[in-house]
Every structure is written in structure tokens, then in C-alpha cells.
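Secondary and tertiary structure notes
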Amino acid sequence: MVTFEEISPADFFYRNRDIAGFTNPARAIFSSIRELVENALDASDLSNIPPEIYIRLSQEDAEETQGELGVGVYRLRVMDNGSGIPARHIPSAFGQVLFGSKYKLKQARGTFGLGGTMAVLYGQITTHKPVEVKSSTGTSKIYEYKLMIDIQRNRPLILDRKIRRNKEQWRGTIVEFSLEGDYFRAVSKILEYLKQTALVTPYADIKFVDPKGRLYLFTRATKKMPPPPKETLPHPYGVDVETIQRLIRVTECQNMVGFMQKHFHRVGGGISLSFLEFAGFIKSEDPKRLKHEDVVRLVHMMKKSKKFFDDVNVEKVGRLIKTAHSRNMLEFMETHFPKVDKNVILRLLLAAGFIKTKDPRKLRSDEVVRLVRMMKRFNGFLPPDASCLSPLGEELLETGILKELRPEFIAVSQRKPSTYSGHPFIVETAIAYGGNIPKKDDILIYRFANRIPLLYDEASDVSVRVIKSMNWRRYKVTPDMPIAILVHVCSTKVPYKTVGKEFIADRPEVNGEILNGIREVARELQKFLTKREYVEKERRRLTVFSKYLPKIARFSTNLAGKKEEPNIELLLRSVKKIEEQGD
Amino acid sequence: MKNREIEISVKERRKEVLRNLRRFGGRLYNQMEKGIFPRIRMPSRSTENIFYSPELRQYILGDKTVRRSARNIRHIRPFTQLVWAGYFASELTKNRKTSTLRDVYYSAQAYDMSFKDQAESNSIVTDLETVMGFSREDFKVFPEERSAIFGDLTIEYTVPGYEGKQLNLMSHPDGVMIGPALTSSEFAQTRADKVIAIEKGGLFTRFIEERVHKKFNALLVLTAGQAPRATRHFIHRLNKELDLPVFIFTDGDPWGMHIAMVIISGSANAAHLRELTTPDAKWSGVWATDIVDYKLPSDPLTEVDIKRLHELEKDPRYEGELWRRETQKFLSIKKKAEQEAFSRYGLTYIVDEYLPAKLEETD
């Protein structure tokens with residue numbers, strides 16, 4: 001017999017923890033640190049205070065493997081100085097899967113409201129111990145909770161709750177819980193993750209104490225933070241039927257023109273009208289039904305926009321209407337005033353009250369489907385602006401790279417905002433050469449999405465494929481050179497391929513921006529390499545001349561039977577002069 | 001480069017070499033004193049600048065020249081090497097020491113002037129020959145010696161420790177090696193009236209044993225294969241200074257034929273040099289026609305032999321009647337024979353029968 005049952009989101013992720021990056025003990029410990037650090041950083045971005053993050057991983061019951069601690073139970077504590085969590089949200093934020101503050105349309109590191117709770121959930125199922133959370137939003141109180149997750153019901157269970165006085169006006173959040181992990185196999189990824197996080201967050205102080213008591217310090221290089229992102233409305237290109245269904249359930253708008261204006265990104269009255277006309281959501285009055293006062297109103301409106309309608313009066317328009325064959329006012333206006341722009345006519349008719357649109361709350365589901373389809377087809381929408389994005393900026397990117405990689409040369413570039421499927425995105429690229437960058441057989445690639453380092457599945461990532469497809473010899477780059485390339489994609493919706501947020505999918509628009517961004521910085525590198533090659537060549541030239549000219553002088557003096565050698569200083573100087581000129 | 005028609009004695013020649021080297025150094029010195037980068041111009045030795053001169057009956061260099069300047073980053077190293085080679089040559093000549101190409105290669109290292117390889121150092125020595133118009137033997141740089149001479153010629157040494165000492169070249173029955181000491185000697189006296197050059201050591205010894213030098217009143221020269229430059233210059237001197245006709249005996253194959261030709265007309269590699277050729281020398285055998293006429297035991301020509309013969313057909317040095325005839329003959333009979341082939345008629349046949357006939361035929 002088949003039985004059917006419902007499972008909660010917590011239960012779902014409990015059963016499918018692989019998709020959230022908790023595949024094995026090593027990966028789980030890495031993912032836990034990563035999720036909590038990202039939450040901490042997001043919390044600081046929110047409060048616009050340079051983050052200070054303290055991570056401590058200590059061992060509770062782990063076995064030793066080759067001098068390191070391997071599989072076993074660890075305790076993880078992450079502390080930040082961010083915005084803090086309002087007391088009433090603390091239990092849900094950590095005890096309920098898919099509860100969060102990040103479902104709004106603006107750039108954030110996390111997007112699913114999943115990561116932090118997944119880490120806690122994983123800790124609970126491997127150790128059956130509660131999570132301890134302390135947080136304050138800077139008020140006079142600090143809230144402390146001991147929580148567990150009721151997995152089947154996806155609800156937090158509050159085991160203990162304390163309120164302390166916040167004498168020092170501390171603000172931030174501390175999360176601490178136990179989990180099963182494998183530090184030995186995760187250590188290199190964790191350190192790499194922290195290093196790259198420090199690189200892309202140069203204004204953060206990050207301290208990490210590992211189970212052996214070693215302290216890793218990533219000191220901030222600046223206190224300047226990128227401007228925080230603004231929240232934004234969905235762009236018509238990026239919405240689906242479900243989004244519209246939800247909107248019509250809550251909207252207060254009574255007509256479609258207002259609905260479009262109010263709920264969508266960069267849609268004004270004019271665009272709203274012409275889109276609705278294009279989509280067939282507009283009905284205009286039958287000219288035959290117009291009464292005298294209607295005609296007077298229409299002519300009055302026409303006279304107001306003299307620019308388009310000169311020489312009109314009530315009699316004339318009234319006559320036209322009486323003899324008209326048009327079925328509706330839009331058709332009528334277009335037939336008799338062919339020189340006037342359709343948008344002007346639409347605005348005029350709307351203002352005069354001859355246009356009716358549906359009440360959005362009464363849209364049938366087939367109409368919703370048609371609306372969404374037409375949104376994708378209409379090409380009169382403005383592209384989304386990028387105020388909802390928070391790229392790092394060229395200056396901070398450079399600071400971060402100089403701080404973590406100490407290269408000899410660096411070039412950074414921020415591309416103009418662009419969009420894919422209605423989602424705005426910005427690509428930032430950088431190339432660094434020499435210094436502390438190791439010489440590998442290949443170019444070192446650092447990938448970031450919304451300021452998160454992407455460490456896994458490099459080969460599948462769009463940036464890697466773009467870099468591999470380029471002809472690097474054109475830029476004087478050979479594989480043995482110490483070169484690192486950095487690609488940062490920020491978007492309200494990064495096109496990840498998996499929930500684990502490991503690599504970015506191929507989207508032609510994203511692909512193109514990455515390619516152009518890398519080309520920009522690669523050209524800068526080429527200039528640098530060309531110049532260096534020139535200086536090097538000149539240096540070698542000078543060495544050659546200063547090696548051989550004295551010998552020529554010596555041998556020919558001897559051959560000629562002279563006593564004094566000729567003065568070759570002049571000749572050597574003339575060679576040097578060339579170098580200075582060329583420099 | 002002008003052709004020095006007048007023969008000069010060995011001592012004078014040495015002085016001339018030193019004068020030229022001094023002039024060379026002086027020119028570079030003055031350029032540097034004036035604050036300009038030293039430079040030289042010399043005839044180009046590229047193949048398109050090598051021509052055969054029917055008047056001189058040897059290869060010469062054309063009018064094309066190359067410029068080497070210390071101003072040019074690609075030139076300065078070979079330029080310095082060239083100046084060093086001149087310096088090294090002048091030291092050798094002044095101190096009356098001799099050296100070899102290999103020696104030159106190693107000596108450079110003492111001056112922090114390392115050559116990449118032997119080929120590079122050889123090419124610099126050739127450059128010096130081209131610039132100065134003297135051969136490397138004049139600069140006391142000699143190849144490994146293997147050729148010899150035997151006969152009634154008295155020479156007077158000029159090398160240190162032997163100055164004025166005389167030697168008759170019949171004093172040693174194996175012959176006397178044609179080395180630096182011999183090539184720098186003056187000729188004092190001879191009763192011989194011809195020179196017979198022989199390709200192979202076996203036959204050279206046979207000739208001495210059979211007293212060919214007496215019977216034919218000849219000086220015997222062993223070329224030991226392709227004659228070294230020193231030997232070619234020595235034969236030139238025997239011909240020019242003592243007015244002795246020269247007869248050359250080689251194997252009857254394209255290679256032997258060409259050994260004779262290089263003694264007579266020189267090689268393209270030495271187009272920048274004079275006094276290495278003996279245009280009036282005669283190739284007396286073994287000819288292709290001899291193989292037929294004397295019914296000599298023979299081997300079939302190999303593919304390489306035939307290819308070589310076709311090359312020689314196009315060679316301007318082979319335009320003379322004898323050369324054309326013999327080249328054609330080789331190609332038609334497709335056979336070759338060594339000098340030793342005459343032994344089928346007994347050990348003395350070559351001296352008793354063949355040699356007199358051939359000397360008469362080619363005289």
C-alpha cells in the first residue's frame with residue numbers, strides 16, 4: 001500500500017543535505033563556517049559598520065590524524081559586530097529553515113535563508129545538542145537563547161532564554177553549536193575561503209582560532225565600505241506567474257496602469273500604458289456612446305496639449321465622432337489625428353477617462369499567464385538600474401588584492417551595469433601579476449559572487465571557461481607566469497547552477513560582460529609586460545655594451561701598439577641615454 | 001681585396017701580417033678616440049657573392065660587402081671576438097708561436113670571450129682572414145697536420161731556435177711533415193724538376209721505396225686525402241717560387257678527381273684568400289679512361305658517387321676539356337678504381353709503366 005505524507009522544509013533539507021553543501025564531515029565543517037561568516041558579513045553590511053568577525057573552532061571529541069584533528073565532534077563559535085537580530089526573530093532565524101531577512105530584491109551574500117539554519121540543523125542531527133545564540137541590536141538588553149529545531153514541524157524549540165543588561169552597548173550576534181566534522185580534510189579549504197573572503201572584504205577584520213589553538217589573522221586594510229545596496233522592485237522581464245499571483249493578492253491598486261507602476265521596477269505611467277496597450281489589457285470607450293459633455297472634456301484635454309492638437313473645437317470633434325466608423329476611441333483618435341504619437345493619445349484618453357483597464361485583483365489565471373508572456377515580449381521597458389547592487393568598486397578591489405596577494409602589478413575594472421532576464425548584474429574583474437602570486441602551470445583564478453568566494457567546481461564555472469577560451473598569447477601571457485585573475489559577479493540573482501552556490505552558469509549576457517571585463521584588465525597587463533620587457537631588454541643591452549666595449553678598446557690598443565686605451569665613456573653614455581629616452 | 005701578384009719572402013710576409021694587424025687595430029682605436037663606435041667593412045662571404053674567376057682560375061668574392069659595427073647590439077659580440085682574434089693572432093705572430101683552431105676556441109675563455117662552440121670560433125677566424133686578406137696559417141693558426149713531403153729540397157728554417165738551420169727533405173725516409181715549421185721555411189736549394197702530389201699514404205711510401213724521386217727527379221707530396229690549406233699553399237710556393245710543374249695522382253673516382261681540382265683551383269670556402277691554388281698543376285690520374293685503357297680492377301659507382309659527378313658537371317671549375325671528358329667517362333662506364341688497383345700487374349708496374357706514360361701525357 002502506498003502512503004502519502006507531507007514533510008516540512010526542515011525535514012526536506014534534513015533528508016537532502018547534500019544539495020546545501022553538507023555532503024560529508026569535511027565539507028560540513030567548511031560549509032558551517034562559511035554560512036555563519038556570510039551571515040555575519042551581511043549583518044555588518046546592513047549596519048554599515050566595518051565588520052569584526054571572530055571564529056573559533058575547538059575540538060570536543062575528535063581523533064588525531066597525522067598531527068591534525070580529523071573526524072569527530074567540534075564546537076564552532078562565530079561572533080560578529082553586525083546589526084544584531086531583533087529578539088523576537090532569534091528563535092526563527094536559527095530554528096526554522098527558510099526563514100530570513102534576505103528574500104527582498106537586493107544584493108546579499110545569502111539568498112535562501114537556509115545556510116545558517118542548515119549548519120545548526122546539521123549540528124543537531126550529528127550531536128543532538130542545542131545551538132546557543134546571543135544577540136543585541138545595541139539596545140540595553142542582550143538576549144540569549146538555547147534552541148533546537150523541531151525538524152518535522154520546522155519550528156524552533158526554545159530550551160532556555162535569558163535577558164542580560166547590555167552595559168557596554170555591545171551590538172552583534174554570537175552563534176555557538178557543536179557538530180561532527182573533519183578538520184584535517186577541511187583545513188586547506190577553510191583557510192583558502194577566509195583568505196579570499198578577506199581579499200573581497202578588505203574592510204573586515206577576521207580572526208580564526210583553529211582546534212590546535214593556532215590564530216589566523218586577516219587584518220583590515222581600510223575602513224571604507226562599499227555603499228549598501230537599495231531594495232528594489234522586480235523588473236517585468238524577471239517575473240513569473242507566481243510572482244504576479246502573489247502581487248494581485250496583496251495589491252491595493254484598482255487598475256492595471258497603477259498596478260504596473262507601483263509593483264515593478266522602472267515602470268512609469270507612459271511605459272505602463274503603452275505596455276498594457278501592447279499586451280491588450282486596455283479597453284477604450286465606443287465613440288458612439290460619447291455624450292456632449294464627454295466631447296467637451298475631450299476637446300478641453302486636447303487644447304491643453306496644444307503642441308499636438310491645434311485647431312480643434314467641440315463642434316468639429318463632435319461632427320467627426322458622429323460620422324466615425326471606429327469601434328473605439330483609440331482607433332478613432334489614431335484615424336483622425338494620424339500625426340500624433342500613440343503614447344500621447346493614450347495618456348490623453350486616460351486623463352479624459354475614456355480608457356478602462358481591469359481591476360488587477362480580478363485577473364483570471366489565463367490573463368495572468370498572458371500578462372507575464374507579454375512582459376517578456378514587450379521591448380519598451382527600461383533596463384533595471386543598479387542601485388540594488390553593491391559591487392566592491394575598483395578601489396576596494398585593488399586594496400583587497402594588494403593586501404592578500406601583494407602582487408607586483410594589478411589592474412582592476414568595474415563594468416557598467418547590465419541585465420540578464422530582468423536581473424541586474426555588475427561584473428568586476430582584476431588581474432594581478434608577480435609578487436606573492438605563486439607560479440603555477442596555469443593562471444590562478446579567484447571567483448566571487450556577491451562577495452562570496454566560490455571554491456568548488458571551478459571547471460564548470462563560466463569565468464573559467466571564458467578565461468580558457470581567450471588567446472592569452474595576444475596579451476604576452478604565458479602559462480608559466482605568476483598571474484591571478486579575479487572575477488566578481490554581483491546581482492540580485494546570481495545564476496548559480498546549484499543550491500550549494502559553487503559556480504555560475506553560462507548566461508550569454510554574463511558571459512559577455514566577464515569576457516569584456518577580463519579583456520580590459522588583460523590589456524593593462526599587456527602594457528605592463530611590454531614595458532617591462534622593454535626595460536629588461538634595455539638593461540641587457542647596456543650590460544652587453546659595457547661588457548664588450550672595454551674589451552674592444554683593450555684589444556685594439558694592444559693591436560695598434562698604443563699605450564693608453566681610448567676613452568669609451570662617451571660611447572657608453574650614449575647607449576645609456578637611449579635607455580633613458582625610451583623609458 | 002687586391003691580389004698580391006708579387007711573391008714575397010716568408011720573413012717579409014710575417015712583417016706584412018703584423019703591419020696589417022697593427023693597421024686594423026689602429027683604425028678601431030682612432031674611431032673610438034673620435035667618439036664613434038668602431039666599425040669595419042669586409043667582403044661578404046655569402047654564396048651569392050662567390051664567383052668563379054676564369055682569369056684567376058679560382059673562386060673569388062664579389063663586390064658585396066658587409067658592415068660590422070659595435071653600435072649594433074647583434075654585432076658587438078662577434079665584433080669583439082674578431083678584435084680579440086686579431087689580438088690573439090698578433091700575439092702568436094710576435095712571439096713566433098703556433099696554434100690550432102681548437103686552441104683558439106679554448107684560448108678565448110682566458111679572456112672571458114667564450115665562443116658558443118667550435119663552429120663560432122672557426123667562423124670568427126675566417127672573418128679575420130677576410131678582413132686581413134691573409135690565411136689563418138699566416139696568423140700561425142694551423143689545422144691538425146697529416147700531409148708530408150719527400151725529395152731533394154733543402155729548406156732553411158725561420159722558426160725560433162732553428163733560424164738559419166738547413167734540412168734536406170730526403171733525410172727521413174717517411175717524408176717530412178708539412179707543419180708550421182716547414183711552411184714557414186725559406187727554400188734554399190733543389191735539384192728536382194717536378195712535384196708529384198699523391199692522395200694516399202700507401203702509394204707515397206711505395207714511391208719512396210721505388211725511388212721515384214730519383215727516377216723522375218721529383219719532389220713527392222702526400223696530400224692525405226683532401227689537401228690541407230697549408231699543403232695547398234706549400235704546393236703553390238713550390239710551383240711559383242721554384243717554378244716546378246706539379247702532377248697530381250689520386251684515386252680514379254669523383255672524390256679523387258676533386259682533390260686534384262682543389263689543389264689546382266681552390267675551394268669556394270677560401271674565395272676570400274689567394275695563393276692557395278696552383279692553376280698550372282696537372283691531374284695525371286687515375287682517370288676514368290685509365291680504368292678502361294689499363295683494364296684496372298674496378299668497383300661500380302655508388303649512388304652518392306653518381307650524384308657527386310652530376311654536381312661536378314655543373315661546377316664552373318670543371319669546364320676544361322679534360323674534366324668534361326673524364327666526368328662523362330665516369331658516368332658512362334659507371335666504374336671507379338683506386339690507385340692500388342695497379343698492383344694486379346705487380347708492385348712496380350705503376351712506377352715502371354703507368355707513371356712515365358702519364359707524366360708524358362699530361363706534361
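Residues numbered from 1 in each chain as written. Chains lettered and ligands numbered in written order. Predicted model: local features only at pLDDT ≥ 70, side-chain atom pairs only at ≥ 80, totals over all residues. Heavy atoms only, no water.

Turning to the overall build of chain A, a few remarks are in order. Scanning chain A from N- to C-terminus turns up 17 helices and 16 strands. Expected size for 583 residues packed as a compact globule is a radius of gyration near 25 Å; at 33 Å, chain A overshoots this value by more than 25%. By its C-alpha atoms, chain A is 120 × 80 × 60 Å across when sized along the principal axes. The buried share among the 583 residues of chain A stands at 54%. (Helix = DSSP H or I, 4+ residues; strand = E, 2+ residues; numbered from the N terminus. Rg over C-alpha atoms; globule rule 2.2 N^0.38 Å. Buried < 20%, exposed > 50% of the residue type's maximum accessible area, 1.4 Å probe, protein only.)

Residue and element names in this part refer to chain B. Here we have six strands laid out as an open sheet, ordered β10-β7-β13-β12-β14-β15, and mixed in their pairing. In this open sheet, the two edge strands, each paired with only one partner strand, are β10 (176–177) and β15 (282–285). In this structure, strand β12 (residues 194–198) lies alongside strand β14 (residues 246–249), joined through four bridges in parallel fashion. When the bridges of β14 are listed, Ala 197 appears paired with Ile 248. (Pairing = 2+ DSSP bridges.)

This paragraph deals with the sheet that holds strand β8 (residues 153–156) of chain B. Residues and elements named next belong to chain B. Across the sheet, three strands lie side by side as β9-β8-β11; this open sheet has antiparallel pairing. Unpaired on one side and paired on the other, β9 (166–168) and β11 (186–190) mark the two borders of the sheet. Each adjacent strand pair in this sheet contributes to an overall mean axis angle of 25°, direction not counted. Seen against the sheet, helix α8 (residues 229–241) touches β8 and β11 and runs at an angle of roughly 55° to β11. (Axes fitted to C-alpha atoms, helices over the stretch in contact; angles between N-to-C directions. Contact = heavy atoms within 4.5 Å.)

All names here are of chain A. Mapped onto the elements of the fold, Phe 94 is located in helix α3 (residues 90–95). Put simply, Phe 94 and Val 175 are 81 residues apart on the chain and 9.2 Å apart in space, counted from C-alpha to C-alpha. Dropping the residues within four chain positions of it, Phe 94 is found in contact with Ile 85, Thr 117, Val 120, Val 133, Leu 147, Ile 149 and Val 175.

With that settled, the discussion passes to the interface of chain A and chain B. You'll often see interface size given as the accessible area lost when the parts meet. Each side of the interface is counted separately: chain A has 28 residues, and chain B has 31 residues. Interface area, chain A with chain B, both sides summed: about 2500 Å², of which 72% is carbon and sulfur. The tally of links from chain A across to chain B stands at one salt bridge. Taking the shortest distance from any N to any O, the salt bridge between Lys551(A) and Asp112(B) comes out at 3.8 Å. Where chain A meets chain B, there are two residue pairs in polar contact (both at pLDDT 80 or more). (Buried area = accessible area lost by both parts, 1.4 Å probe. Salt bridge = Lys/Arg side-chain N within 4 Å of Asp/Glu carboxyl O. Polar contact = N/O pair within 3.5 Å; in protein donor to acceptor, adjacent residues only side chain to side chain.)

Residue and element names in this part refer to chain A. Two elements in contact, helix α11 (residues 329–336) and helix α12 (residues 342–351), have axes separated by 10 Å at closest approach and are oriented at 135°. As summarised for this structure, α11 and α12 are arranged oblique, according to the angle between their axes. For the crossing formed where α11 meets α12, the hand is right-handed. Here Met 329, Leu 330, Met 333 and Glu 334 of α11 lie close against α12, whose contacting residues are Lys 342, Ile 345, Leu 346, Leu 348 and Leu 349. For the contact of α11 with α12, the residue count by class is seven nonpolar, no polar and two charged. (Parallel < 35°, antiparallel > 145°, perpendicular 65-115°, else oblique. Left-handed = near helix turned anticlockwise from the far one by under 90°. Nonpolar A, V, L, I, M, F, W, Y, C, P; charged D, E, K, R; others polar.)

Quick look at a positive patch on the surface now. All names here are of chain A. On the surface, Lys 283, Arg 370, Arg 373 and Arg 377 cluster together into a positively charged patch. Among the elements that line the positive patch, the one with the most residues is helix α13 (residues 365–377), at three residues. Structurally, Arg 373 is set in helix α13. Take Arg 373: its relative accessible area is 45%, and that puts it in the partly exposed class. (Patch = residues over 30% accessible without salt bridge, like charges linked within 9 Å, V, L, I, M, F, W, Y side chains within 5 Å. Areas by Shrake-Rupley, 256 points an atom, 1.4 Å probe, with all protein chains shown as cover. Lys, Arg positive; Asp, Glu negative; His and termini not counted. Charge placed at Lys NZ, Arg CZ, Asp CG, Glu CD.)

Now for the domain arrangement of chain A. Examined at the domain level, chain A breaks down into domain 1 (9–218), domain 2 (236–377), domain 3 (394–528) and domain 4 (529–582). One C-alpha centre belongs to domain 1 of chain A, the other to domain 4 of chain A, and the line joining them spans 66 Å. (Domains from an automatic or database assignment.)

Time to look at the packing of aromatic side chains. A complete count under the given rule lists 34 aromatic pairs over all chains for this structure. Measuring from centroid to centroid gives 4.5 Å for Phe409(A) and Phe528(A), while their planes differ by 15°, and the two rings are stacked. Of this pair, Phe409(A) sits in strand β11 (residues 409–414) while Phe528(A) sits in helix α16 (residues 508–560), placing them 119 residues apart in sequence. Residue classification places Phe409(A) among the buried positions, given a relative accessible area of 14%. Pairwise contacts between aromatic rings join Phe555(A), Trp84(B), Tyr87(B), Phe88(B), Tyr111(B) and Phe115(B) into one cluster. Its end group placed over the ring of Phe281(A), Arg370(A) keeps NZ or CZ at 4.5 Å from the ring centre. (Phe/Tyr/Trp six-rings, centres within 6.5 Å; stacked < 30°, edge-to-face > 60°. Lys NZ or Arg CZ within 6 Å of the ring centre and 35° of its normal.)

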